[in-house]
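Observations on the model geometry
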Amino acid sequence: MTPPVFLVPSGDLAADRVTVSGPEGRHAAAVRRIRTGETVDLADGEGLRARCTVVGVGRDEVVCEVLERVREPAPAPHLTVVQALAKGDRGELAVEMMTEAGVDSVVPWAAERSVTRWKGDRAARSLAKWRATAREAAKQARRARLPEVAEQADREAVAALLAAADLGVVLHEDGASRLSELEPPRGEGARVVLVVGPEGGFSDAELEAFAAAGAVRALLGPSVLRTSTAGVAALAVLQSRTGRW
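These figures come from a predicted structure and were not determined experimentally.

1. A look at the overall build of the chain
- Per the secondary structure count, the chain includes six helices and twelve strands.
- A compact globule built from 245 residues should have a C-alpha radius of gyration of about 18 Å, and the chain, at 20 Å, falls within 12% of that.
- Out of the 245 residues in the chain, the part that is buried amounts to 48%.
- Across the chain, every contact between residues at least 6 apart in sequence was considered, and the portion connecting residues at least 24 apart equals 75%.
- In the structure as shown, the chain presents an accessible area of about 11800 Å², 48% of it carried by carbon and sulfur atoms.
- Between the mean site of the 32 positive side-chain charges and the mean site of the 34 negative ones, the chain shows a separation of 4 Å.

Okay, here's the thing in structure tokens:
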């Protein structure tokens, strides 16, 4: 079984002995019940991972001795999912599963037909929940890199992301080809942007804007998935097609 991962500030990993404190230390000591002598991984969320032995445990902290450090390269191509806002906790579910599946960036998108709206204080709270969900899911998946959860985007911002990508894909049941048939870019610096629509589907204006930005429509499979599950299914296909898996 792989060691559990705990996140610490990047500067802390330069030391040979690291104290994990605060909420992360409390989680390690009180919730995970980490004990002296166990092996854990400490990560900075930016690709640096330190394999450690626990040499001390307090009520809300653990002290770790670093055995080795490894800098994990950024995976290529970079995979971004533009996720339409979803009702209830389906947005957080999507973020959780996509993080476990290796997404590099998630962009919350206020689609025209999204039932949920992020405005004012709710926007800040919802974005914070998505980011917290990504953080915890990354730890669960033993990731050394946290996915970025960007600020909420509108149609124009999504179109700009698609235009800048090496491959932009809109998941749509009327796609001319299957996602598994597309040839994704490879190599360092390559970027793929995938757009997942809301429960009500894309508007004509959105499809026109994304097509004008150079995006292709692709069919994921014979069944229509929920907005909360389409992204993780598509990521699995792309991970395999790009050789990341």
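2. Focus on the side chain of serine 105
- Tracing the backbone through its elements, the reader meets serine 105 in strand β7 (residues 105–109).
- Judged by its relative accessible area of 4%, serine 105 is buried.
- Of note is the side chain of serine 105, whose polar atom sits 3.1 Å from the side chain of histidine 78.

3. Looking at the domain arrangement of the chain
- According to the domain assignment, the chain consists of domain 1 (5–71) and domain 2 (78–240).
- Each of domain 1 and domain 2 has a C-alpha centre, and the two are 32 Å apart.
- The interface is formed by ten residues belonging to domain 1 together with seven residues belonging to domain 2.
- Between domain 1 and domain 2, roughly 870 Å² of surface is buried when both sides are summed, and carbon and sulfur atoms account for 50% of that area.
- Considering only the surface of domain 1 that becomes buried against domain 2, Val5, Leu7 and Gly45 emerge as the three largest contributors, covering 51% of it.
- Linking domain 1 with domain 2 are two salt bridges.
- Where lysine 139 meets glutamate 24, a salt bridge forms, and the shortest distance between an N and an O atom there is 3.0 Å.
- Our count for the domain 1 to domain 2 interface comes out at seven residue pairs in polar contact (both at pLDDT 80 or more).

4. Focus on the sheet that holds strand β8 (residues 148–149)
- Judged by pairing direction, the sheet is parallel, and its seven strands sit side by side in the order β8-β7-β6-β11-β9-β12-β10 without closing on themselves. Two strands bound the open sheet, and with one partner strand each, they are β8 and β10 (177–178).
- Relative to strand β12 (residues 216–219), strand β9 (residues 167–171) runs parallel, the two sharing three bridges. Within β12, the residue paired with valine 169 across the bridge is valine 216.

5. A short note on the packing of aromatic side chains
- This model, assessed by the stated rule, comprises four aromatic pairs.
- Ring geometry for tryptophan 118 and tryptophan 130: centres 5.0 Å apart, planes at 80 degrees, overall edge-to-face. With tryptophan 118 in the loop between β7 and α3 (120–140) and tryptophan 130 in helix α3, this pair connects stretches of sequence that are twelve residues apart.
- Accessibility expressed as a relative area gives 8% for tryptophan 118, which makes it buried.
- Owing to a relative accessible area of 4%, tryptophan 130 belongs among the buried residues under this scheme.
- By the ring-pair criterion, three or more aromatic residues cluster together here, those being Trp109, Phe202 and Phe210.

6. Things to note about the pattern of salt bridges
- Going through the model one piece at a time under the given rule, you end up with 14 salt bridges.
- The shortest N-O distance in the salt bridge between arginine 51 and aspartate 41 comes to 2.3 Å. Taken together, the positions of arginine 51 in strand β4 (residues 48–57) and aspartate 41 in strand β3 (residues 39–43) put the pair ten residues apart, joining distant regions of the chain.
- According to the relative accessible area criterion, aspartate 41 is buried, its value standing at 3%.
- Between glutamate 72 and arginine 49 there is a salt bridge whose closest N-O contact spans 2.6 Å. Here the residue glutamate 72 occupies a position in the loop between β5 (62–71) and β6 (78–84), and arginine 49 occupies one in strand β4, the gap between them amounting to 23 residues.
- A relative accessible area of 25% places glutamate 72 in the partly exposed class.
- Each of the salt bridges in this network shares a partner with another, and the network as a whole consists of Glu24, Arg135, Glu136 and Lys139.

Conventions adopted
Numbers given for residues are sequential positions, taken from 1 along each chain in its written order. The predicted nature of this model means local features are confined to residues of pLDDT at least 70 and side-chain atom pairs, given and counted, to a pLDDT of 80 or more, with totals for whole chains, interfaces and linings taken over all residues. Side-chain figures throughout are based on the complete set of non-hydrogen atoms in the structure, without hydrogens or water. Going along the chain from the N terminus, every DSSP run of H or I of four or more residues is numbered as a helix, and every run of E of two or more is numbered as a strand. Computation of the radius of gyration draws on C-alpha atoms, with the globule rule given as 2.2 Å multiplied by the number of residues to the power 0.38. We call a residue buried when its accessible area falls under 20% of the maximum for its residue type, exposed when it is over 50%, and partly exposed in between, using a 1.4 Å probe and counting protein chains only. By definition in these notes, contact holds between two residues if any of their heavy atoms fall within 4.5 Å. Each accessible area is a Shrake-Rupley result for a 1.4 Å probe, and residues are judged covered by the shown protein chains and nothing else. None of His or the chain ends enter the tally, which takes Lys and Arg as positive and Asp and Glu as negative. To locate a charge, take atom NZ for lysine, CZ for arginine, CG for aspartate or CD for glutamate. Distance and chemistry together define a polar contact, namely a pair of N or O atoms within 3.5 Å, with one atom able to donate a hydrogen and the other to accept it when in protein, and with adjacent residues in sequence counting only for side-chain atoms on both sides. Note: domain ranges come from an automatic or database domain assignment. Joining two parts hides part of their accessible area as seen by a 1.4 Å probe, and the buried area is that hidden amount summed over both. Throughout this description, the term salt bridge denotes a Lys or Arg side-chain nitrogen within 4 Å of a carboxyl oxygen of Asp or Glu. Two strands are said to pair when DSSP picks up at least two bridges between them. Any two rings among Phe, Tyr and Trp, with Trp reduced to its six-membered ring, count as a pair given centres within 6.5 Å; such a pair is stacked if its planes are under 30 degrees apart, edge-to-face if over 60, and tilted if neither.

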